[in-house]
Amino acid sequence: MADLGETPRGFLKHAQEFFCAADLVLNKAEDISLLVYFLLGRSIELSLKAFLLDRGISITELRSPKKFGHSLRALIKAAREKGLDQHIALEAIEDGVIQLLSYDYAEKRLEYRRTGGTYSLPLLDATWRVARKLAFDLEATLTEEQ
């Protein structure tokens, strides 16, 4: 279970805050913003980690760069293995969003901009939708009370 005072609900609360921050930036941005993708990616990451932490994966394992790190692909795979699909129905496009976003997100390219770099970004509305779904709909699935 959780240690060091880190709880599934705490992770999910943080995921919701990152989602709300992304929503604020999105409403002010005039162009596609890498910051919005970063914030939505972080929300997805923390939501999936909340679910996995609640299902018994240790915080040490969740932080392990070799096991999960910031890989959204590894996190969604593990979450599915722990029963995510019984609680949240992800559409095919939403799964594709997570898979595609993981490339630039896991490599920290959304945090550390490469001027003139090429990014492989999923559709923004679908990214927003899956981040919202995970950050807010997973709350009812958590068994941990804190």
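Residues numbered from 1 in each chain as written. Predicted model: local features only at pLDDT ≥ 70, side-chain atom pairs only at ≥ 80, totals over all residues. Heavy atoms only, no water.

**What to know about the overall build of the protein chain**
On a plain count of helices and strands, the protein chain comes out with 6 helices and 0 strands. Going from the N terminus to the C terminus, the protein chain shows its helices and strands as α-α-α-α-α-α. For a compact globule of 146 residues, the expected C-alpha radius of gyration is about 15 Å, and the protein chain comes in at 15 Å, within 12% of that figure. Overall size of the protein chain, expressed as C-alpha extent along the three principal axes, is 45 × 30 × 30 Å. Within the protein chain, the fraction of its 146 residues that count as buried is 47%. Look at the contacts in the protein chain between residues 6 or more apart in sequence, and 75% of them connect residues 24 or more apart. Looking at the protein chain as shown, the accessible area adds up to about 7700 Å², and 52% of this sits on carbon and sulfur atoms. Side-chain charges in the protein chain split into 20 positive and 22 negative, and the spacing between the mean points of these groups amounts to 4 Å. (Helix = DSSP H or I, 4+ residues; strand = E, 2+ residues; numbered from the N terminus. Rg over C-alpha atoms; globule rule 2.2 N^0.38 Å. Buried < 20%, exposed > 50% of the residue type's maximum accessible area, 1.4 Å probe, protein only. Contact = heavy atoms within 4.5 Å. Areas by Shrake-Rupley, 256 points an atom, 1.4 Å probe, with all protein chains shown as cover. Lys, Arg positive; Asp, Glu negative; His and termini not counted. Charge placed at Lys NZ, Arg CZ, Asp CG, Glu CD.)

**Re the environment of F136**
Mapped onto the secondary structure, F136 falls in helix α6 (residues 124–137). We classify F136 as partly exposed; its relative accessible area is 29%. If we ignore the near neighbours within four places in the chain, the residues touching F136 are Q16, F19 and C20.

**Quick word on the environment of C20**
Within the secondary structure layout, C20 lies in helix α1 (residues 8–28). Owing to a relative accessible area of 40%, C20 belongs among the partly exposed residues under this scheme.

**Section: the nonpolar core**
In terms of nonpolar packing, the biggest core is built from 45 residues, with I44, L52 and L84 touching the most fellow members. Broken down by secondary-structure element, the contributors of at least two residues to this core are α1, α2 (34–54), α3 (59–63), α4 (72–81), α5 (92–106) and α6. Of all the elements, α2 adds the most residues to this core, at 13 residues. Those residues in contact with L84 that sit more than four places away from it in its chain are L48, F51, I76, A79, L90 and L138. (Core = buried A, V, L, I, M, F, W, Y, C linked by side-chain atoms within 4.5 Å.)

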